[in-house]
Amino acid sequence: MPPSPSGRGDGGEGSRGEGLPHGILYLSAYSGDRPDSKDSLPHPACQPLQTAWAEHGSAIAPGKTLRDWLRLNFFKDVHVGMYEQRPIYFPLSSEKKHFVAFIAIHRWQDSTLTDLLAEYLVPEQAQLDGEIADLLGTKGQGDAKAQASAEKRYTELMQLKTELDNFIQLVRQCAEVGPPPAKASDPQPEVAAKYRMDLDDGVMINSAALWPLLDPQWNKPKTWWSELCTAKGRKDYDWAHLAARYFPQRVDAKCQSDPSLAVAHGCFWQYHPAKAYEWELRLQDEIGPDFTIDEANSDTLRHQFETIHSQTVAELREKEEKRRERKYKKQAEDQLSLEV
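Below or above, wherever it landed, is the structure these notes cover. (Residues numbered from 1 in each chain as written. Predicted model: local features only at pLDDT ≥ 70, side-chain atom pairs only at ≥ 80, totals over all residues. Heavy atoms only, no water.)

1. What to know about the overall build of the protein
Across its full length, the protein carries 14 helices and 3 strands. Taking 20 Å as the expected radius of gyration for a compact globule of 340 residues, we find that the protein reaches 28 Å, considerably beyond that expectation. Expressed as a percentage of the 340 residues in the protein, the buried residues total 43%. Considering only intrachain contacts with a sequence separation of at least 6, the fraction spanning at least 24 residues in the protein is 58%. Of the roughly 18,000 Å² that the protein leaves accessible, carbon and sulfur atoms contribute 51%. Counting 41 positive and 52 negative side-chain charges, the protein places the centres of these two groups 4 Å from one another. (Helix = DSSP H or I, 4+ residues; strand = E, 2+ residues; numbered from the N terminus. Rg over C-alpha atoms; globule rule 2.2 N^0.38 Å. Buried < 20%, exposed > 50% of the residue type's maximum accessible area, 1.4 Å probe, protein only. Contact = heavy atoms within 4.5 Å. Areas by Shrake-Rupley, 256 points an atom, 1.4 Å probe, with all protein chains shown as cover. Lys, Arg positive; Asp, Glu negative; His and termini not counted. Charge placed at Lys NZ, Arg CZ, Asp CG, Glu CD.)

Here it is in structure tokens:
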């Protein structure tokens, strides 16, 4: 398994500089162990991986390097099954998996995708462009064998460049505006929105909006994004914060008719003040007399409801008092029957 971002197992950035920068385990089939590579395996945090592979790698994947096994096999052969399609490491990957970044979801920051671009992918792109430019200046020189070798290398690099360029474009799209539709028939998001992970939404929803970056290794998120966009039947995920980020009008309309959904999105008092008041009274009995349902402007909305709808407030309080009387009477009767 890839190391934690700290390299110590706790996932934090260590004061001794031993953590992987930005919590990203970056693997490059292009630059590999070159001194100027951005690949993470030479980093000290990966030394336990290197040591374990030296001892067990031949039994795990004979003939493969650690870098190639991590890029091509680790996720599908080990990790995704271990976590039953809810992995804690997301394998952001280019189409043919020549460029892969494993990122632990619990260490994800709002800047993670831009950090991936700025610190890894764009520098890698510059290295590729530089080598291609050098080859263009020399591939027509030398004997036929040298020219053929240069031409072959040029073709290889151009293929890698196309793959990396496309990967960078998709990372930027997911980071800044949202992913493309999973199906041509799927509705487009209502707004362009920057990607922001919210662990309360769970792995399925958070991975859905990254589906183009995960699809080379994991095709479930593509299906989940399609379901999130269409929001039909039992595949309606409009309870999620991410759904509200990309489809705010659709989710807001549902919140106005569904109190439970309004609770999930913090607009219970705004759209269902009577129900919010009723629930608050009930929960003050069950949790504590000072309990309140706190949302944006909830104090103001509560005061407005009490002022404008005083008769309804009185009826709700009377209803709650009667409920409590029945409850306590039942508890007393149950206790008496136990004593008898």
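2. Considerations on a positive patch on the surface
Together, R86, K220, R234 and K235 make up a positively charged patch on the protein surface. Along the polypeptide, R234 turns up in the loop between helix 7 (220-230) and helix 8 (241-246). (Patch = residues over 30% accessible without salt bridge, like charges linked within 9 Å, V, L, I, M, F, W, Y side chains within 5 Å. Salt bridge = Lys/Arg side-chain N within 4 Å of Asp/Glu carboxyl O.)

3. Quick look at the pattern of salt bridges
One pass over the structure, following the stated rule, counts 23 salt bridges. Across the pair E278 and K319 runs a salt bridge whose closest N-O atoms are separated by 3.0 Å. Taken together, the residues E278 in helix 12 (residues 273-286) and K319 in helix 14 (residues 310-339) connect sequence positions 41 residues apart. In this structure E278 comes out as partly exposed when scored by relative accessible area, which is 24%. The salt bridge partner of K330 is D334, with a shortest N-O separation of 2.9 Å.

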